[in-house]
Each structure stands twice: as structure tokens, then as C-alpha cells.
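Chain by chain, the residues run as shown.
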Amino acid sequence: MGPGVVCLACVVAFAFAGCGAGERADDVAAVAQRFHAALESGDGQAACDELSEETASKLEHQEQKPCEEAILELELPKGGTVAVERVEMRSAFAGLAEGGADFLDEGPEGWKVSAAGCQPTAPEQPYECELEG
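The text that follows walks through the structure, step by step, so that each part is easy to find. What you see is a predicted model; the values in this text were computed from it and never measured. (Residues numbered from 1 in each chain as written. Predicted model: local features only at pLDDT ≥ 70, side-chain atom pairs only at ≥ 80, totals over all residues. Heavy atoms only, no water.)

What follows concerns the overall build of the chain. Helices and strands together make up the secondary structure of the chain, namely 4 helices and 6 strands. Listed by position from the N terminus, the elements making up the chain come as β-α-α-α-α-β-β-β-β-β. With 133 residues in all, the chain has 40% of them scored as buried. Look at the contacts in the chain between residues 6 or more apart in sequence, and 55% of them connect residues 24 or more apart. Summed over all atoms, the accessible surface of the chain reaches about 6900 Å², with 50% contributed by carbon and sulfur. (Helix = DSSP H or I, 4+ residues; strand = E, 2+ residues; numbered from the N terminus. Buried < 20%, exposed > 50% of the residue type's maximum accessible area, 1.4 Å probe, protein only. Contact = heavy atoms within 4.5 Å. Areas by Shrake-Rupley, 256 points an atom, 1.4 Å probe, with all protein chains shown as cover.)

Another aspect to go through is the pairing of strand β6 (residues 127-132). A large share of β6 lies buried, amounting to 5 of its 6 residues. Across 5 bridges, strand β5 (residues 110-120) lies against β6 in antiparallel orientation. Counterpart to P120 in the pairing with β6 is Y127. Hairpin connection from β5 to β6: 6 residues lie between these consecutive antiparallel strands, with E124 at a positive phi of about 60 degrees. (Pairing = 2+ DSSP bridges.)

Scanning all chains against the criterion turns up 2 disulfides. Disulfide partner of C48: C67, at an S-S distance of 2.0 Å. Disulfide C48 to C67: torsion about the S-S bond roughly -100 degrees, handedness left-handed. Here C48, found in helix α2 (residues 44-49), pairs with C67, found in helix α4 (residues 67-73); they are 19 residues apart in sequence, far enough to count as distant. The class for C48 is buried, based on a relative accessible area of 9%. Looking at C67, the relative accessible area reads 3%, which means it is buried. A disulfide bridge connects C118 with C129, and the sulfur atoms are separated by 2.1 Å. Disulfide C118-C129: the torsion about the S-S bond is 110 degrees, which places it as right-handed. Here C118 is found in strand β5, whereas its partner C129 is found in strand β6, with 11 residues between them in sequence. Exposure class is identical for C118 and C129. Each is buried. For the chain, numbering the cysteines in disulfides from first to last along the sequence yields the connectivity 1-2, 3-4. (Disulfide = S-S within 2.5 Å.)

Okay, the pattern of salt bridges next. Working definition: two side chains of opposite charge can pair if their charged atoms are close together. Under the definition given, this model contains 4 salt bridges. Of the charged contacts in the structure, one is a salt bridge between R24 and E106, with a shortest N-O distance of 2.6 Å. You can see R24 sitting in helix α1 (residues 23-40) and its partner E106 sitting in strand β4 (residues 101-107), a full 82 residues away along the chain. Take R24: its relative accessible area is 31%, and that puts it in the partly exposed class. What makes E106 partly exposed here is its relative accessible area of 22%. Among the charged side chains, a salt-bridge network with shared partners connects R24, R90 and E106. (Salt bridge = Lys/Arg side-chain N within 4 Å of Asp/Glu carboxyl O.)

Written as C-alpha cells, this is what we have:
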């Protein structure tokens, strides 16, 4: 899949009712902001470091390039501020003030981006994401 091609709908069964707060939400926001700051500065390796292993592997397989090269060719928001973060158990949503959203999963190494460049398809429906694992 080439740059600018939107991935299939990001099927994320995510309940917004049980929003988390505090340190976990702050961690989610920090990871998402580091990810977008790395994209803004053209640092593909730093951006890939914020991805889940599954997402980075899928990107490399689809683009037939190392993650640090492929990630910079996607149409993902560069820079950005997390305006909304919601945590539900081991999944999180980070909505950017500039528009769009990321989904993150919590694993042994902390929070990692599992989908990015996501836009809602309709209210309360799955998202379409530029990058997903």
C-alpha cells in the first residue's frame, strides 16, 4: 500500500464510558505527542520507537521498507497536541487538537501507538486509519 492510502476501518472495540485519569492518561498523551513530534522533525526511528511491534511490522511488510523510512511517507499528522485522552483497561484513545486520533495499547514496555492518523467514519462507528497494526 502506498503513501496516502487509507487502511481498512480500524476495528477498535473501545468503551468511552470508563475513562481513566491521572498518570496513565498523561502517559498516553506523552507517547502520542512524542510520536507526532518525531514525525514533525523527520525522525523516522523515533516515531517507530513509539509504535507497537505489530504495527511497525505490518508497516514494514506493506511498504516493503524499514519502518523508519516507511513511516515518513505516510500522510500522518506531524506535530500536534493531545486534547483528549481516554484510557480503558489496556487500550487508549488520544484525540489531537488539530484533528484526528491515535489508538494505543499498553504492554510490558508501556503505551505504544497501535493505530494513527485515524478519522471517524460516522458517530460512534469504527475509525479509518492511515496506519494500523
